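# Coordinate analysis (summary)
The lines below spell out each chain.
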Amino acid sequence: MNCIKSEFKIVGINLILVSAAVVALFTLLAVFGGDLLHLSSLGFEVIFPFFAAIAVGEWGKTRADSNYDVISAQSKSLFSWVFFRFFIVFATVSLFALISMVIVHAVRNEMPLWEIMCIYFPPAFLLASLSALFNICYKQEHISTLICGVIWLLTMITKGLLRFPLAAYLYLFVRYAGIQNGVWFVNKVVLMVISLFLWGIIYIICRREH
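Residues numbered from 1 in each chain as written. Predicted model: local features only at pLDDT ≥ 70, side-chain atom pairs only at ≥ 80, totals over all residues. Heavy atoms only, no water.

## Examining the packing of helix 3 (residues 39-59) against helix 6 (residues 113-137)
Two elements in contact, helix 3 and helix 6, have axes whose closest approach is 8 Å; the angle formed by their N-to-C orientations is 25°. Between helix 3 and helix 6, the interaxial angle falls into the category roughly parallel. In this structure, helix 3 crosses over helix 6, and the sense of that crossing is right-handed. Within the contact between the two elements, helix 3 uses Ser 40, Ser 41, Phe 44, Glu 45, Phe 48, Pro 49, Phe 50, Ala 52, Ala 53, Val 56 and Gly 57 and helix 6 uses Ile 116, Ile 119, Tyr 120, Pro 123, Ala 124, Leu 127, Ala 128, Ser 131, Ala 132 and Asn 135. A breakdown of the residues in the contact of helix 3 with helix 6 according to their chemical character gives 15 nonpolar, five polar and one charged. (Axes fitted to C-alpha atoms, helices over the stretch in contact; angles between N-to-C directions. Helix = DSSP H or I, 4+ residues; strand = E, 2+ residues; numbered from the N terminus. Parallel < 35°, antiparallel > 145°, perpendicular 65-115°, else oblique. Left-handed = near helix turned anticlockwise from the far one by under 90°. Contact = heavy atoms within 4.5 Å. Nonpolar A, V, L, I, M, F, W, Y, C, P; charged D, E, K, R; others polar.)

The following block contains the structure:
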């Protein structure tokens, strides 16, 4: 618990302020966005997961931390430190995402709340986990945000790959792409498995570094 409190102090208030600003933006879009904008799928499968990756990259940095060498040498478990820092940032963003979900659902009622949660968490966890992986691999600041941004952009512009049946099981934004059948749920399970695999890689890297 003390570790979580200390990490939360290190992350600072800026993450909360920025996240609150995103919630305010979503509230305005929910009220004034119009019927042509399907905010639930766009906002929580595409935009908020990308914001989670940015947050982990910018506020959850590890190897780029100026105290990384000291922490790596003195910490009993480097992986625990990496995970706790990731957890603080990702949980904070997800809390604000949940607030936005409730607001959007109450105002627009585009899909059930549980379904919005299902389409948010797997891509958000995957992109944030990728950001955490790049954080532990590179010393340069902002590199994880840059790489995740490129991946996010490439995913957005390669929606045409969904004409291949297997691509739908790996595509990050299947509901935004218009897939409504049971494939989307399997897709989210696959994304979660990939995310856990990424954390396995992070664990191996931390074991080698420590």
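From this point on, the discussion continues.
## A closer look at the environment of Arg 163
Relative to the helices and strands, Arg 163 is located in the loop between helix 7 (143-157) and helix 8 (183-209). A relative accessible area of 64% places Arg 163 in the exposed class. Spatially, the C-alpha atoms of Arg 163 and Ser 80 are 41 Å apart, while their sequence positions differ by 83 residues. (Buried < 20%, exposed > 50% of the residue type's maximum accessible area, 1.4 Å probe, protein only.)

## Thoughts on the side chain of Glu 45
Along the chain, the position of Glu 45 falls in helix 3. Among the polar contacts made by the side chain of Glu 45, one reaches the main-chain amide nitrogen of Arg 175 at a distance of 3.1 Å. Within polar-contact distance, the side chain of Glu 45 engages the side chain of Lys 188 at 2.5 Å. Ignoring any residue separated from it by four or fewer positions in sequence, one finds Glu 45 in contact with Ser 40, Ile 119, Pro 123, Leu 172, Phe 173, Val 174, Arg 175, Tyr 176 and Lys 188. (Polar contact = N/O pair within 3.5 Å; in protein donor to acceptor, adjacent residues only side chain to side chain.)

## Considering the packing of aromatic side chains
When we look at a pair of aromatic rings, we describe it by the centre distance and by the angle of the planes. Within this structure, the stated rule accounts for 21 aromatic pairs. Here the aromatic rings of Tyr 171 and Phe 173 are separated by 6.1 Å at their centres, their planes lie at 85°, and the arrangement is edge-to-face. For the pair formed by Tyr 171 and Phe 173, the shared burial category is buried. Between Trp 184 and Phe 185 the ring centres are 5.9 Å apart and the planes differ by 85°, which places this aromatic pair in the edge-to-face class. Site record: aromatic cluster; members linked through ring pairs are Phe 79, Phe 83, Phe 84, Phe 86, Phe 87, Phe 90, Phe 121, Phe 125, Trp 199 and Tyr 203. Over the aromatic face of Trp 184 sits the side chain of Arg 175, whose NZ or CZ is 5.0 Å from the ring centroid. (Phe/Tyr/Trp six-rings, centres within 6.5 Å; stacked < 30°, edge-to-face > 60°. Lys NZ or Arg CZ within 6 Å of the ring centre and 35° of its normal.)

Treat this as a map of the structure, not an account of what it does.
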